[in-house]
Amino acid sequence: MERTSKKSKSKIPYHEIFIEQAPTAIAMLDKNMCFIAASNRWVEEYKLQGINISGKSYYDLFFEISDDVKELHQQCLDQAISIQDEAPFKRKDGTVQWLYWDISPWYIAKNKVGGLFIHTIDITPHKENELKKARTKDIFLKTKEVAKIGTWESNIALDKVYWSKMVRKIHDLPEDFQPSFENTIHFYTKESQEKINKLIPTVTEKGESFDIELELVTAKDNHKWIRLIGKTEEVDGIPSRIFGIVQDITEIKQNKLELNKAQAELNAIFNSEALSIFSTDANGMIKHFNKGAEKFLGYAAEEVIGKMKPSGFHPEKEVKKFKADLAAKYGKNPVGFNHYKDLRNENVNDTRQWTYINKDGTSLPAQATVSSVKDNQGKNIGFIALATDISEIKNYQNELLAKNQLLNFAEQMTLMGHWRRNFITNKGYWSKSLHRIFESEKDSSNFNQEKFESLIHPDDRQIISDHIQETLQTKLFKSFSHRIITPSGKLKTIHVMGKVITNDKDEIVEIIGTTQDVTELRMAEKKFKGLLESAPDAMIIIDERGSIQLVNKQTESLFQYSANELVHASVEPLIPCITASVKAAKFSINNNTRQVGIIEELFAIQKMGKKIPIQINMAPLQWEEGILVSLAIRDITKQKAAERKLIKAKENLEGFAKKLTEQNKQLADFTHITSHNLRSPVSNLNSLLDIYRTTDDETLRASLFEKFETVINHLTLTLNTLVEALKTKSLYSDEDIQEVEFEKVLNKTKEVLAGEILKTGAIIKADFSKCPGIEYHKIYMDSIFLNLLSNAIKYRSKDRKPEIEIETIIEDGKIMLDFRDNGLGIDLEQHGHKLFGLNKVFHRHPDAKGVGLFLTKSQIEALGGTIYATSKVNEGTTFTINFN
């Protein structure tokens, strides 16, 4: 074995010489994969010139060798042979080399491997050609697929049709579909079929090529447009085969339609009168001028196109500012700057407010966008300007600015600021007034959430954290108050109100709100609570809905409830109907006398249900959330007992005073009647008597006796009436009062007036259903019916039959009696004050004496009742008697 090994080793130098001279790349390695020898071609191909590779590790020189290849080397060292037709090898410089290799072991003895021979052939050029062909083929196939192009062929002689896979796909057909002219022609629309039928003779007989567009309906009812291109192949001058391509041009067709539509829309926009559009050429002269520009500027297009520049429409200072801004934006020298010449390659797009000067010299504000117009090489060939009239917007802006200034002033006056928080951009905004409250005016630009939180009073930070979490969960913002410590060390109390804004998915988009400095208000509130507790009466503060906001200790004692049980509860269970009284009270905040006492009797209900009489004074309070009402409540149980005694005594005294007043009035009336109604006839008699004594004329004396008789009769009637009135005023006994039925009284009256009723044709209707009778002085009732009915007949209208309606009425427990007629009526404005006077008449009637109504009124009032009349001239009169 040793001799064999030595003999084999002695052969290695010959191997080295052989390998070095080999025309191909070959390397000899020992079992440790170290180089023994390598051919010059190997050194050249693997760029190892100038390196002594003998004894060096194969893996040190080719460190990029993968673990899989190393494993392959070990297999070959175990007497395996590996041949690879093509394999990629990445070089140190990053290039990929394609190799053919074979790896085989060499032996130093039988079955004893001494190392490996590695033989490689660079097949990179060949592989690149293959890859190039494959890529070209793949690109061609993908291009056809992307372009939706398929091939087709029709053998005229054999009547066979061939379609590629793409053609079947365009028709929405399976790959195993066998096409023929008969089973494919029906896919085309009627118009396209007519085109094909016209085309067939020119192709099959004349062999002409064609390129047409057709519309088809696929197997899946999809409408498509295709481009069909065909060429004829002839044999001996006779067409034998037609072949060509089919392309799905549906998208192209649709794009063309969309393009046409877009072009039409663009033309519509350009010709719109609502938008001013004009463009310039490279020299600044106006090239296009639409109808909107004509309307906006007052020029006709032919007046400006090729004759004017846009600078003629604007103030010089605005043009200079525009040029200076463009020069600065694009880094150009402003001296002699010309945007037409100096901005050939830039994409100019400038939007700003311009003043447009109309042809008549008036000016209008406009929002205009100036953009560059480019040619196919991307060079600027002019500009286009689009402008809209913003006159109304400017007016709105000015109005908004004024309102904003007013808002700022209002916020300053009320120590209030507003804020918002956007949850999409995660940005917030504070008004100036809010920064003023937090003393962060100088730091407003850098003021953030962290700085805000640093100003919150340490004891209130948890309140805010809990409030934020509740708002995010419920999506409702409840108002609350907390304290802050400003940078100057001031302790402030602020009240926060807000509103949550959500999107269609009920996600929070934004929260907006207000913050008010209520420090002074809270201090005043503390003082107010101190005063409230010191009040001698029970004090309850309620809002306009009757919800209790605040109570004092006296309230707890009076109603026997705790403060926690009362606050935010309704006041109604404590004082029934008080809310209605509060709403009915008209408070005036500017009124110096703001306290209003409730006169009506009220009761409070204690916790155990006991009712106690109370007295309440109400007063309005202007609060941050509206008007509140304070109720001062006093238990008046003892006062009520004393009050009842006083009221009883007062009622007795008032009754006596009323009776005395009535008697005095009656005495005054009687005195008045006596002085007028008796004195006049007596005076008249004395005058007649003096004449009688002094005359000797018998004829005159006879005439005077007739007048004596008339005056004496009149005096007698007056005396009798006064006697009856005095009887009425005198006291009557209980025996005179009896149950009187209205129907019987009416029937008796009709009998007395039967002649008058027949003579006049009077119609009398009565309805006593609501009260058939009453306890009353029967003689008086007969007199009342007789006087009122006879008056209605006596003073009837000559134009119509008298109609009289009598009805009993019960109103608020009182019994009333109505007499309605359709007679002459009375002018109450002129005669109403003397309607029931003695000897007062209002119509010229021979029987009118003015006594009946006087007696009727006296009789009704004698029994504690009243009578009044309503009347319209020529329509009728209604007398209403109230018996109670």
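Model, not experiment: these values are computed from the prediction.

**Observations concerning the overall build of the chain**
Point 1. Along the backbone of the chain there are 28 helices and 33 strands.
Point 2. Residues counted as buried form 37% of the 884 residues belonging to the chain.
Point 3. Within the chain, contacts between residues at least 6 apart in sequence are counted, and of these 49% link residues at least 24 apart.
Point 4. Summed over all atoms, the accessible surface of the chain reaches about 54,900 Å², with 53% contributed by carbon and sulfur.

**Re the nonpolar core**
Where a protein is soluble and globular, its nonpolar side chains tend to be buried together.
Point 1. If you look at the biggest cluster of nonpolar residues, it comprises 33 residues, and the most contacted ones within it are Tyr776, Phe785 and Ile806.
Point 2. Sorting the residues of this core by element identifies α24 (742-752), β29 (773-777), α26 (778-794), β30 (803-811), β31 (814-821), α28 (852-862), β32 (866-872) and β33 (876-882) as the ones contributing at least two each.
Point 3. If you tally residues by element for this core, the top one is α26, at 8 residues.
Point 4. Ignoring sequence-local partners within four residues, the contact set of Tyr776 consists of Asp736, Ile737, Gln738, Val740, Met781, Ile784, Gln859, Ile860, Leu863 and Phe883.
Point 5. Core analysis: the next-biggest nonpolar cluster, separate from the first, contains 27 residues, Leu29, Tyr59, Leu72 and Cys76 among them.

**Quick notes on the side chain of Thr555**
Point 1. Here Thr555 is to be found in helix α19 (residues 553-559).
Point 2. With near-sequence residues (within four places) excluded, Thr555 lies in contact with Ala538, Met539, Ile540, Gln560 and Leu566.

**Some words on the pairing of strand β9 (residues 223-235)**
Point 1. When strand β8 (residues 210-217) meets β9, the two strands line up antiparallel, connected through 8 bridges. Looking across to β9, one finds that Leu216 is bridged to Lys224.
Point 2. Here β8 hands over to β9 after 5 residues, with Asp221 in that stretch at a positive phi of 65°.

**Considerations on the sheet that holds strand β14 (residues 363-374)**
Point 1. In space, the 5 strands of this open sheet follow the order β12-β11-β15-β14-β13, with antiparallel pairing throughout. Strand pairing shows two members of the sheet lacking a second neighbour, β12 (286-289) and β13 (349-357), which therefore form its edges. Pairs of neighbouring strands in the sheet enclose a mean axial angle of 25°, with direction left out of account.
Point 2. Sheet analysis places β14 next to strand β15 (residues 380-389), joined by 9 bridges and oriented antiparallel. Each bridged residue has a counterpart across the sheet, and for Thr369 the counterpart in β15 is Leu386.

**Some remarks on α26**
Point 1. When the terminal C-alpha atoms of α26 are compared, their 24 Å separation across 17 residues agrees well with the 24 Å that a helix rising 1.5 Å per residue should span.
Point 2. Across the 17 residues that make up α26, a large majority, 13, are buried.

**Quick notes on the sheet that holds strand β28 (residues 763-767)**
Point 1. Here 5 strands make up an open sheet; going across it, the order is β28-β30-β31-β33-β32 and the pairing mixed. Each edge of the open sheet is held by one strand with a lone partner, namely β28 and β32. Strand-to-strand, the axes of this sheet are offset by a mean angle of 15°, without reference to chain direction.
Point 2. Of the strand pairs in this sheet, β31 and β33 are connected by 5 bridges, and their pairing is antiparallel. By the bridge assignment for β33, Leu817 is matched with Ile881.

**Considering helix α4 (residues 67-77)**
Point 1. Turning to α4, its buried residues number three or more, namely Leu72, His73, Cys76 and Leu77. When α4 is viewed along its axis, its buried side chains cluster within an angular range of 145° and face the same direction. For α4, the exposed residues lying more than 90 degrees away from the buried face are Asp67 and Asp68.
Point 2. Along its buried surface, α4 packs onto α3 (58-61), β3 (82-90), β4 (96-109) and β5 (112-122).

**Things to note about the packing of aromatic side chains**
Point 1. Under the counting rule described, the total for this entry stands at 27 aromatic pairs.
Point 2. Judged by centre distance (6.2 Å) and plane angle (45°), the ring pair of Phe289 and Phe313 falls under tilted. Of this pair, Phe289 sits in strand β12 while Phe313 sits in the loop between α11 (301-304) and α12 (316-329), and the two are 24 residues apart along the sequence.
Point 3. The class for Phe289 is buried, based on a relative accessible area of 6%.

**Quick notes on a nonpolar patch on the surface**
Point 1. There is a patch of nonpolar side chains on the surface, built from Phe423, Ile468 and Leu472 and spanning about 230 Å² of accessible area.
Point 2. For Phe423, a relative accessible area of 33% puts it in the partly exposed group.

**Let's talk about the pattern of salt bridges**
Point 1. As enumerated under the stated definition, the model contains 29 salt bridges in all.
Point 2. Among the ionic pairs, Glu807 bridges to Arg820, the shortest N-O distance being 3.1 Å. Highlighted residues: Glu807 in strand β30 and Arg820 in strand β31, separated in sequence by 13 residues.
Point 3. We classify Arg820 as partly exposed; its relative accessible area is 26%.

**Some words on the packing of α24 against α26**
Point 1. Their axes nearest at 9 Å, the elements α24 and α26 cross at an angle of 55°. On the basis of their axis angle, the class for α24 and α26 is oblique. When you trace α24 past α26, the crossing you get is right-handed. Between α24 and α26, the residues in contact are Phe742, Val745, Leu746, Lys748, Thr749 and Val752 and Lys778, Met781, Asp782, Phe785, Leu786 and Leu789, respectively.
Point 2. Here the residues of the contact of α24 with α26 sort into 8 nonpolar, 1 polar and 3 charged.

**Digging into the pairing of strand β10 (residues 238-248)**
Point 1. When you tally the buried positions in β10, you get 8 out of 11 residues, the bulk of the element.
Point 2. The pairing of strand β6 (residues 149-155) with β10 spans 7 bridges and is classified as antiparallel. Residue Ser154 lies in a different strand from β10, and its bridge partner there is Ile242.
Point 3. If you look at the hairpin formed by β9 and β10, you'll find 2 residues sitting between the two strands, and Asp236 has a positive phi there, around 55°.

**Observations regarding a positive patch on the surface**
Point 1. Residues Lys309, Lys323, Lys341 and Arg344 make up a contiguous surface patch of positive charge.
Point 2. Assignment of secondary structure puts Lys323 in helix α12.

**A word on the confidence of the model for the chain**
Point 1. Looking at the chain, pLDDT values average 79 and 80% of them are 70 or higher.
Point 2. Ignoring residues within four places in sequence, the model shows residues 1-11, a span with pLDDT below 50, making 5 contacts including any to other chains.
Point 3. In this model residues 839-850 is a low-confidence stretch, pLDDT under 50, and it forms 26 contacts with partners more than four residues away in sequence or in other chains.

**Details of the environment of Asp506**
Point 1. Of note, Asp506 is situated in the loop between β19 (491-502) and β20 (508-517).
Point 2. Given the relative accessible area of 44%, Asp506 is considered partly exposed.
Point 3. Residues Asp506 and Lys475, spaced 31 residues apart in sequence, show a C-alpha to C-alpha distance of 8.7 Å.

**Let's talk about the environment of Asn882**
Point 1. Within the element layout of this structure, Asn882 appears in strand β33.
Point 2. With relative accessibility at 12%, the residue Asn882 sits in the buried group.
Point 3. For the pair formed by Asn882 and Glu811, sequence separation is 71 residues and the distance between their alpha carbons is 9.7 Å.
Point 4. Once residues lying within four places of it in the same chain are set aside, the contact partners of Asn882 are Lys814, Ile815, Met816, Gly865 and Thr866.

Definitions and limits used
Residues numbered from 1 in each chain as written. Predicted model: local features only at pLDDT ≥ 70, side-chain atom pairs only at ≥ 80, totals over all residues. Heavy atoms only, no water. Helix = DSSP H or I, 4+ residues; strand = E, 2+ residues; numbered from the N terminus. Buried < 20%, exposed > 50% of the residue type's maximum accessible area, 1.4 Å probe, protein only. Contact = heavy atoms within 4.5 Å. Areas by Shrake-Rupley, 256 points an atom, 1.4 Å probe, with all protein chains shown as cover. Core = buried A, V, L, I, M, F, W, Y, C linked by side-chain atoms within 4.5 Å. Pairing = 2+ DSSP bridges. Axes fitted to C-alpha atoms, helices over the stretch in contact; angles between N-to-C directions. Expected span 1.5 Å × (residues − 1). Arc of directions from axis to C-beta. Phe/Tyr/Trp six-rings, centres within 6.5 Å; stacked < 30°, edge-to-face > 60°. Patch = residues over 30% accessible without salt bridge, like charges linked within 9 Å, V, L, I, M, F, W, Y side chains within 5 Å. Salt bridge = Lys/Arg side-chain N within 4 Å of Asp/Glu carboxyl O. Parallel < 35°, antiparallel > 145°, perpendicular 65-115°, else oblique. Left-handed = near helix turned anticlockwise from the far one by under 90°. Nonpolar A, V, L, I, M, F, W, Y, C, P; charged D, E, K, R; others polar. Lys, Arg positive; Asp, Glu negative; His and termini not counted. Charge placed at Lys NZ, Arg CZ, Asp CG, Glu CD. pLDDT = per-residue confidence, 0-100.

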